[in-house]
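Fold and geometry: a report
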Amino acid sequence: MLKYSNYLFKNTITKKSIYFLMLLFFALFFILTSMRSQGANDKGESYVGHIDTLSKFFPALFSSAFTLLILIINFKSTEKDGSDLLIVSKPIKRSSMFFSKILMTSLFVIVFQVLAFFVYWISATTDRNSTLDTRVRFAGSISLGGLMYQTILLSILLVFASFANTLSLISIG
């Protein structure tokens, strides 16, 4: 199981689409927060002190896309290109394979939220009227909410990833 998890990890980190999606999300969130912070600061208010729907929308959207991308890479891509057959030809239980895929997907979701926390925190520094405490609360609140959201979404999509094909997984996601 450890060798298969190692294989999945190496296979996943070689995909450029993950890095592109993360970079796009981080850049868009930083720009959005900077612009909204500037507008709030001009009025003498703090933007990061009050989390609104728009500041949660982009993290939820990109978290969903990231979770779906990781699921497709771990569950469907290896089956599609036949690379799973090389690993499966060695004695490994199907349950161990499934658990390894869940473990690797969960690991990447957690890593995404840890990186997102730092991006949220750096983005919050563009708000001149905020304190360190409000910046950490802003970043922590969105990160924790994003992790809970991704966990719920992941558990729903895992059921479909086990039985459905890639097109139906994308449409459900």
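Residues numbered from 1 in each chain as written. Predicted model: local features only at pLDDT ≥ 70, side-chain atom pairs only at ≥ 80, totals over all residues. Heavy atoms only, no water.

**Thoughts on helix α1 (residues 2-13)**
Counted only if it meets this: Counting from the N terminus, the helices are DSSP H or I runs at least four residues long and the strands are E runs at least two residues long. How far a helix is expected to stretch is found by multiplying one less than its residue total by 1.5 Å. Each residue is placed in one exposure class: buried if its accessible area under a 1.4 Å probe, protein chains only, is under 20% of its type's maximum, exposed if it is over 50%, and partly exposed if it falls in between. The arc in question is formed by the directions pointing from the helix axis toward the C-beta atoms.
Under the 1.5 Å per step criterion, the end-to-end length of α1 is 17 Å for twelve residues, consistent within 8% with the ideal 16 Å. Regarding α1, the residues found buried are Tyr4, Ser5, Tyr7, Leu8, Asn11 and Thr12. Axial view of α1: buried residues confined to an arc of 160°, hence all on one face. Residues of α1 that are exposed and point over 90 degrees away from its buried face: Leu2 and Lys3.

**Overview of the confidence of the model for the protein chain**
Parts of the prediction with low pLDDT should not have their coordinates interpreted in detail. As a reminder, the rule being used: Residue-level confidence of the predictor is summarised by pLDDT, bounded by 0 at the bottom and 100 at the top.
Averaged over all residues, the pLDDT of the protein chain is 81; the fraction at 70 or higher stands at 83%. The secondary structure element of the protein chain with the lowest average pLDDT is helix α4 (residues 83-88), at 57, and the one with the highest is helix α2 (residues 16-42), at 90.

**Overview of a nonpolar patch on the surface**
The cut-off we apply is this: Within this analysis, patches are made of residues with over 30% relative accessible area and no salt bridge. Like charges are joined at 9 Å or less; nonpolar side chains (Val, Leu, Ile, Met, Phe, Trp, Tyr) at 5 Å or less. Reported accessibility uses the Shrake-Rupley method at a 1.4 Å probe radius. Residues are deemed covered only where the shown protein chains occlude them. The salt bridge definition used is simple: a Lys or Arg side-chain nitrogen within 4 Å of an Asp or Glu carboxyl oxygen.
Taken together, the side chains of Phe30, Ile31, Met35, Ile110, Val114, Phe118, Trp121, Ile122, Leu132 and Val136 define a hydrophobic patch exposed on the protein surface, amounting to about 910 Å² of accessible area. Elements with a minimum of two residues in the nonpolar patch: α2, α5 (94-124) and α6 (132-163). The biggest single contributor to the nonpolar patch is α5, with five residues. Turning to its location among the elements, Met35 is positioned in helix α2.

**Some points on the packing of aromatic side chains**
Test applied: What counts as a ring pair is set by centres within 6.5 Å for rings of Phe, Tyr and Trp (its six-membered ring), and what kind of pair is set by the plane angle: stacked under 30 degrees, edge-to-face over 60, tilted for all other angles.
Taken as a whole and assessed by the stated rule, the structure comprises 14 aromatic pairs. Their ring planes at 20° and their centres at 6.1 Å tell us that Phe26 and Phe112 sit as a pair that is stacked. Of the two residues, Phe26 is situated in helix α2 and Phe112 in helix α5; the sequence distance between them amounts to 86 residues. A single burial state applies to Phe26 and to Phe112, both of which are buried. An aromatic cluster is present here, built from Phe25, Phe26, Phe29, Tyr47, Phe62, Phe66, Phe112, Tyr120 and Phe138 joined pairwise through their rings.

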